[in-house]
Amino acid sequence: MLYTDAIYLILAILLFSSWPAEATLPLPEIFLAWFIKEISLLLLAVYKFKRARTARDFISAQTFLKFLAFGCFALDVIILEIPAFIPQEKSFLKDLVGVILFLHYLILVWAVAAFYEKRSPLANISVPAYVLSHLKLLFPFLLPWFLVNALFSLLEGRLPFNQGIYGELFYFVCFLGAIILLMPPLAVKTWECKPFPVSNIRRIIEDYISRERARLGGIYLWETFRGKLLTAGVIGVVPRFRYLLISRGLLATLEEAEVLSVVAHEIGHIKRHHMFWLLTFFVLFSLIIYFAFIPLYLVFLAYFPRPDLLVLWGGENLLLPEALLTIGLAVSVVLYFRFLLGFFLRNFERQADLYCLESLGTAQGLVRAFKKIAAISGHTEDVPSWHHFSIRQRIEFLEAAESDPTLISKHHRKVKLCLVSYLFLAVLLIGLFNRLPAEHLEKRARLNLYYGELLEEARVFGNPQVLALLGHVAYELGREKEALNWYEKALTFKEDPEILNNMAWILATTRDKALKDPKKALSLAQKATAQKLTAIHLDTLAEAWFANGNPQRACLYATLAARRAELAPDFYENLCYYRQQKEKFCHAERTP
């Protein structure tokens, strides 16, 4: 529940902040469409929850409606273009509005769910308490994000490294620090946790923790959902800010041995360093996006063969490329967290289950706890979860491991191998793609997108200026065949010495044997020089003679080009080039 909502929140912030929306619809139409969408979601939620007969049906309906809530939010962003009404420079305000807008859809779903809750521990909780409890689960994650972004918004323009990689790195370090240091205490506060009362069960838990040498900042009663949740958990990476949380409902349901088994499971997360690994996954995802995904995206834009398709939406902002970036980032979030992290989360949970068996010598207490929780929750033994194996699968594996202890070491080796492989691949991705020339790729990407704009313009106007520009840009992109084609089309309007010169240069210097045509290059270069005598045209004529196997003539025209360039050094800034050309051709003349 918590992991899924967190992923949706990340996607919501990403979509709202980066989607290239433009205000094109009138406000009355936006309000009408938004109202119809609100009512439709509300009615559909009532319909889906009302049809749920079992706890499993209820969980399935809730999962579907959360997805639908995100779909409604996506419609607000993509179709109604709500982000366009918030100034682009107000990035913090924009992110905040996006979070509130998405949360209001979740609140709608939760409010309806409260009336039809099928899990007996959570039934009969008032609607406000039910909704507020769901929100409180998210607060420890949202508040650090809010505080860091608010701080950076206030300090915008006042930090010496506010922009660029150093500014982004500083922001990331601050956000990471807030998550590590603030999130656990905030969770204890917002989840209405109370110090675990002095009792026999507390003494048993403390003795076990001391024996296992697990360091904690405290043990608390977890009172969210009025303490009716049947759950326990460990939160926090740093020992001083790490807390063991046990719900009152779980204590009321389980016997002492079963509670101790659940605690052993949670201590297994500590001993296997799972909180550290979760933080590592988050850090590496950020690094992969920055050092691998963004360069790959630039490669895509720089070398996409049909750039005209990337500017279909037109406009100065090149909306489609920005939309593709947002979609690519969203897909990356889903693939990474839902599938890759989900795989590790399931196996981490299995490791924690096995720690109970390893430390207590039996898993029967945990097995009995699982069975009771499943029965009271509405027989949810087989309810699937992307971050946990089902209760039945967990019980079966524990019983198998109890019969065959070699399964324990095999599973630990499997997790270790997967983690090492993941680290190797992550570092490899970051290392390989970080070596790509980002500045060059960005320039080429802009040029390719400009080429796409010109292609669209040529379809509408088709004047010689646009066609000539297409030829120039195509040549800069290395598309020599396309450049020649555009130049030839431009020449049908009128004979231009610049176009003749460019065509001659391509035909004389290309490495493509199918395109190379020295004789035609010479003819075109002579025409261009006859119409306009410049160092550039003389240089092209020299190349054409050299391509035709006449270094003497090439030397002559290269010498003339160099002299003309020397006479106008302010116009011809690259004098060294012309001197090098002269030396190359004249040296070839002297060489037998």
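How each quantity is defined
Residues numbered from 1 in each chain as written. Predicted model: local features only at pLDDT ≥ 70, side-chain atom pairs only at ≥ 80, totals over all residues. Heavy atoms only, no water. Helix = DSSP H or I, 4+ residues; strand = E, 2+ residues; numbered from the N terminus. Rg over C-alpha atoms; globule rule 2.2 N^0.38 Å. Buried < 20%, exposed > 50% of the residue type's maximum accessible area, 1.4 Å probe, protein only. Contact = heavy atoms within 4.5 Å. Areas by Shrake-Rupley, 256 points an atom, 1.4 Å probe, with all protein chains shown as cover. Pairing = 2+ DSSP bridges. Phe/Tyr/Trp six-rings, centres within 6.5 Å; stacked < 30°, edge-to-face > 60°. Lys NZ or Arg CZ within 6 Å of the ring centre and 35° of its normal. pLDDT = per-residue confidence, 0-100. Salt bridge = Lys/Arg side-chain N within 4 Å of Asp/Glu carboxyl O. Core = buried A, V, L, I, M, F, W, Y, C linked by side-chain atoms within 4.5 Å.

1. Remarks on the overall build of the chain
Each helix and strand counted, the chain has 22 helices and four strands in total. For the chain, whose C-alpha radius of gyration is 33 Å, the value lies well above the compact-globule estimate of 25 Å for 592 residues. Taken over the C-alpha atoms alone, the chain extends approximately 105 × 60 × 45 Å along its principal axes. A total of 592 residues make up the chain; the buried ones form 48% of that total. Taking all contacts inside the chain whose residues are at least 6 apart in sequence as the whole, residues at least 24 apart take part in 73%. For the chain, the computed accessible surface area is about 29,800 Å², with 63% contributed by carbon and sulfur atoms.

2. What to know about the sheet that holds strand E1 (residues 194-195)
Taken in spatial order, the four strands make up an open sheet running E1-E2-E4-E3, and their pairing is mixed. At either end of the open sheet lies a strand with only one pairing partner, and these are E1 and strand E3 (232-235). Where strand E2 (residues 218-222) lies against strand E4 (residues 243-247), five bridges are found, and the strand directions are parallel. The residue bridging Leu221 from the neighbouring strand is Ile246, located in E4.

3. A word on the environment of Phe276
Relative to the helices and strands, Phe276 resides in helix H10 (residues 274-303). Along the primary structure Phe276 and Val238 are separated by 38 residues, whereas in three dimensions their C-alpha atoms are 8.9 Å apart.

4. A short note on the packing of aromatic side chains
Tallied over the entire structure, the rule returns 32 aromatic pairs. Here Phe92 and Phe146 contribute two aromatic rings whose centre-to-centre distance is 5.5 Å and whose plane-to-plane angle is 50°, an arrangement assigned as tilted. Of this pair, Phe92 sits in helix H4 (residues 91-116) while Phe146 is found in helix H5 (residues 127-154), placing the two residues 54 residues apart along the sequence. Each ring, one from Tyr290 and one from Phe291, has its centre 5.0 Å from the other, and the planes form 75°; the classification is edge-to-face. It is Arg350 that lies over the ring of Phe389; its NZ or CZ is 3.9 Å from the centre. The aromatic ring of Phe397 is capped on one face by Arg350, whose charged end is 4.1 Å from the ring centroid.

5. Focus on the confidence of the model for the chain
Overall, the prediction assigns the chain a mean pLDDT of 88, with 96% of residues at 70 or greater. For the chain, the element scoring lowest by mean pLDDT is helix H22 (residues 575-590), at 80; helix H9 (residues 256-271) scores highest, at 96. Between residues 314-318, whose pLDDT stays under 50, and residues either more than four places distant or in other chains, the model counts seven contacts.

6. A closer look at the pairing of E4
Extensive coverage of E4 is indicated by the burial of five of its five residues. Bridge count for E3 against E4 is four bridges, and the pairing is antiparallel. Residue pairing for E4: Gly233 is matched across the bridge by Leu245.

7. Digging into the environment of Ala302
Positionally, Ala302 belongs in helix H10. Counting along the chain gives 165 residues from Ala302 to Leu467, while the straight-line C-alpha distance between them is 21 Å. Filtering out sequence-adjacent residues up to four positions away, Ala302 remains in contact with Leu441, Arg444, Ala445 and Asn448.

8. Re the pairing of E2
Of all five residues making up E2, five are buried, and the element is well covered by its neighbours. Alternating residues of E2 divide into Gly218, Tyr220 and Trp222 and Ile219 and Leu221, and every residue in both groups is buried. Both E1 and E2 contribute to a ladder of two bridges, which runs antiparallel. Looking at the pairing, Pro195 lines up with Tyr220 of E2.

9. Some remarks on the pattern of salt bridges
In the structure shown here, the tally under the stated rule is 23 salt bridges. Across the pair Arg394 and Asp353 runs a salt bridge whose closest N-O atoms are separated by 2.9 Å. Residue Arg394 is found in helix H13 (residues 391-403), and its partner Asp353 is found in helix H11 (residues 319-360); the two are separated by 41 residues along the sequence. For the pair formed by Arg394 and Asp353, the shared burial category is buried.

10. A short note on the nonpolar core
Formed by 89 residues in total, the largest nonpolar core has its most connected members in Phe49, Phe73, Leu245 and Phe281. Setting aside residues up to four positions removed in sequence, Phe281 forms contacts with Tyr336, Leu341, Phe344, Phe348, Leu419 and Tyr422.

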